[in-house]
Amino acid sequence: MSSTETQKKSISSNLTTQILIAMVLGAILGVVIHNSISAESALSFSNKIKILATVFIRLVQMIIAPLVFTTLVVGIAKLGNVSAVGRIGGKALGWFFTASLMSLLLGMFFVNVLEPGVGLNLSNVDLSSASEVAAKTQSISFENFIEHIVPKSIFEALATNEILQIVVFSIFFGLAAASIGDYVKPVVTALDKMSHIILKMVNYVMNFAPIGVFGAIAGVFAVRDFQELAITYFKFFGSFLIGISSLWIVLILVGYIFLKSRMTVLLKRIVSPLIIAFGTTSSEAVFPKLTEELERFGVKDKIVSFMLPLGYSFNLDGSMMYMTFASIFIAQAYGIHLDLATQMTMLLVLMLTSKGIAGVPRASLVVVAATCGMFDIPIEGIALILPIDHFCDMFRSATNVLGNALATSVVGKWEENNEIDIAPLD
């Protein structure tokens, strides 16, 4: 191992340690604040200290759009032809569809077996808290999803961090660049150099990660009575943890099937992104860092730059499992029986509607509310899960990161084998 690699490994290890310490300190401070001052003062404190997390996430969001555009265009241009893009894209979408279906089915299985919503007391639920999320459900439809995919302006998509729209434009731009050939080499080279500059910025931004995680954790614990939440939502949260843990086991086992012993190396590489996503409840916050770690793991940059942006729009395994789980949980709480055929239809609806809202705050809740409305389940039922949603979000965000890291690594290996297979024919 070179001295540069050793130094990078040491920096990554130090960052992980700092983030873990920040999480513990944030939780301790939040609990102390919650137990020592009035609820109004605690809320004020929470709003102020969460600014640390907001600043960190905004710093990351600042570099996501240019990073996706430059790396994806360069990646496609390096692939060289439409058939290569189609081949990798086909493998990616096949993986995403299978992983999403598996996640949805796991959620459906555990919520039906454990029945966390059966017999729940609805008398003390604050329904007014659901109004903000419910208001966003009007934009969730098949027509809006299709319209949302295609950008009417690349500048608007870049300005609003619409990853799916940036991906569409970048694919067209990259294919056009690849078809022209050597004439556009200076443009591709310039974008390649720009992507390396942005990846260097990632290192600077990640230094702020422990502070952002500290602010996020302290802000939540300052306004939430953890003991009360644990008692009130023990059945729901415990059942969800069983489901999400099972999903992790399945994903890791699948990883070992395809990557063999390299899966252990991958898990070590993505520890830091997993913890950041867990602490900030944002898989988007680790997009640049995950890009860097996957390239260090050995996945070719052209594969990483193609797979990750697609994955962030189409491959949110943790969110998919949570959405089925939460939707059926609400139906159980209201005593609404959903037969198997209805539940399978719900899975297909979730498979579609979950793809068009990447980057929307509390996106999973918005989709859950929209799905409940389609199946005549009271939308205000999302108020049942709002108090515990932040803690669920920590686990589903980390799961999304694991799922995308695994998908990118496996497709990268498939492409390596493909190149090895066709090499003798050249």
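Each residue is numbered by its place in its chain's sequence as written, counting from 1. Confidence filtering applies because this is a predicted model: local features only for residues at pLDDT of at least 70, side-chain atom pairs given and counted only at 80 or more, and all residues used for totals across whole chains, interfaces and linings. Values reported for side chains reflect all heavy atoms of the structure, with hydrogen atoms and water molecules removed beforehand.

Applicable threshold: UniProt positions are given in the numbering used here, feature names are shortened, and annotations may be inferred rather than shown by experiment.
Under an unreviewed UniProt entry, the name given to the protein is Na+/H+-dicarboxylate symporter, and the organism recorded is Flavobacterium gillisiae. The UniProt entry for the protein carries the following text under Subcellular location (unreviewed entry): "Cell membrane".

1. Describing the overall build of the protein
Quick note on the threshold: Secondary structure counts use DSSP, requiring at least four H or I residues in a row for a helix and at least two E residues in a row for a strand, with both numbered from the N terminus. Working definition: with a 1.4 Å probe on protein chains only, accessible area under 20% of the residue-type maximum means buried, over 50% means exposed, and in between means partly exposed. Residue contacts are defined here by distance: any two heavy atoms, one from each residue, within 4.5 Å place the two residues in contact. All accessible-area figures derive from a Shrake-Rupley calculation using a 1.4 Å probe, and residue coverage is judged against the displayed protein chains alone.
Within the protein, the secondary structure is distributed over 19 helices and zero strands. Considering the protein as a whole, with its 426 residues, one finds that 52% of them fall into the buried category. Nonlocal contacts in the protein, meaning residues at least 24 apart in sequence, comprise 87% of its contacts between residues at least 6 apart. As displayed, the protein has an accessible area near 18,900 Å², and 66% of this comes from carbon and sulfur atoms.

2. Points about helix α12 (residues 262-269)
Selection rule: The arc in question is formed by the directions pointing from the helix axis toward the C-beta atoms.
Considered for burial, the residues of α12 that qualify are M263, L266 and R269. End-on view of α12: buried residues confined to an arc of 115°, all on one side of the axis.

3. Quick look at the packing of helix α8 (residues 185-206) against helix α14 (residues 287-297)
Definition in use: All axes are obtained by fitting lines to C-alpha atoms, using only the stretch in contact for helices, and the reported angles, taken between N-to-C directions, cover 0 to 180 degrees. Less than a right angle of anticlockwise turn of the near helix away from the far helix marks a crossing as left-handed, whereas a clockwise turn marks it as right-handed. Residue polarity follows a fixed list, in which Ala, Val, Leu, Ile, Met, Phe, Trp, Tyr, Cys and Pro are nonpolar, Asp, Glu, Lys and Arg are charged, and the others, Gly among them, are polar.
At a closest axis distance of 9 Å, the pairing of α8 and α14 adopts a crossing angle of 120°. In this structure, α8 meets α14 at a crossing whose hand is left-handed. Contact residues: L199, V202, N203 and M206 in α8; P288, K289, T291, E292 and E295 in α14. Of the residues that constitute the contact of α8 with α14, the class distribution is four nonpolar, two polar and three charged.

4. Concerning helix α9 (residues 209-223)
Two residues of an α-helix separated by three or four positions point the same way, owing to the 3.6 residues in each turn. Our working rule: To estimate the expected span of a helix, subtract one from its residue number and multiply by 1.5 Å.
With 15 residues, α9 ought to run about 21 Å at 1.5 Å a step, and its terminal C-alpha atoms sit 22 Å apart, in line with that. Here α9 has its buried residues at A209, P210, G212, V213, G215, A216, I217, A218, G219, V220, F221 and A222.

5. Brief notes about empty space enclosed by the protein
In this approach a probe as big as a water molecule rolls over the atoms, and the regions it shows empty are the leftover space. Test applied: Buriedness for pockets is judged along seven lines, at least five of which must meet protein on both sides within 12 Å for an open set on the 1 Å grid over protein atoms alone, while cavities are sets there where a 1.4 Å probe fits but cannot get out, and lining residues have an atom within 4 Å of a point. Grid points are joined across faces, edges and corners, and a volume is the space filled by probe spheres set on the points.
Summed over the entire model, instances satisfying the criterion amount to one cavity of 30 Å³ or more. Estimated volume of the largest cavity: approximately 100 Å³. Residue lining of the largest cavity: T71, V74, G75, K78, D192, S195, H196, L199, E295, D301, K302 and S305, and that is the complete set. Those elements that provide at least two residues to the lining of the largest cavity are α2 (39-79), α8 and α15 (301-314). Across the lining of the largest cavity, the residue classes tally to two nonpolar, five polar and five charged.

6. Examining a nonpolar patch on the surface
Our working rule: Excluding any residue in a salt bridge, patches collect residues exceeding 30% relative accessible area, merging like charges within 9 Å and nonpolar Val, Leu, Ile, Met, Phe, Trp and Tyr side chains within 5 Å. Salt bridge, as applied in this entry: a Lys or Arg side-chain nitrogen positioned within 4 Å of an Asp or Glu carboxyl oxygen.
Taken together, the side chains of I21, V24, L25, I28 and V32 present a nonpolar region at the surface, about 440 Å² in accessible area. Tracing the backbone shows L25 in helix α1 (residues 3-36). When its relative accessible area of 46% is taken as the criterion, L25 is described as partly exposed.

7. Some remarks on the side chain of T280
Cut-off, in case you're wondering: N or O atoms within 3.5 Å of each other form a polar contact, as long as, within protein, one can give a hydrogen and the other can take it, and as long as residues adjacent in sequence are counted only when both atoms are side-chain atoms.
By the element assignment, T280 lies in helix α13 (residues 271-280). Side-chain polar atoms of T280 contact the backbone oxygen of I276, separated by 2.7 Å. Not counting residues within four places of it along the chain, the set of residues in contact with T280 comprises F56, I57, V213, A216 and A285.

8. Quick word on the pattern of salt bridges
If you walk through the whole model with that rule in mind, you get six salt bridges. Here K289 ties to E292 by a salt bridge, and the two come within 3.5 Å at their closest N and O atoms. Note that K289 and E292 are positioned in helix α14 at a spacing of three residues, about one turn of the helix. Using a relative accessible area of 7% as the deciding quantity, one classes K289 as buried.

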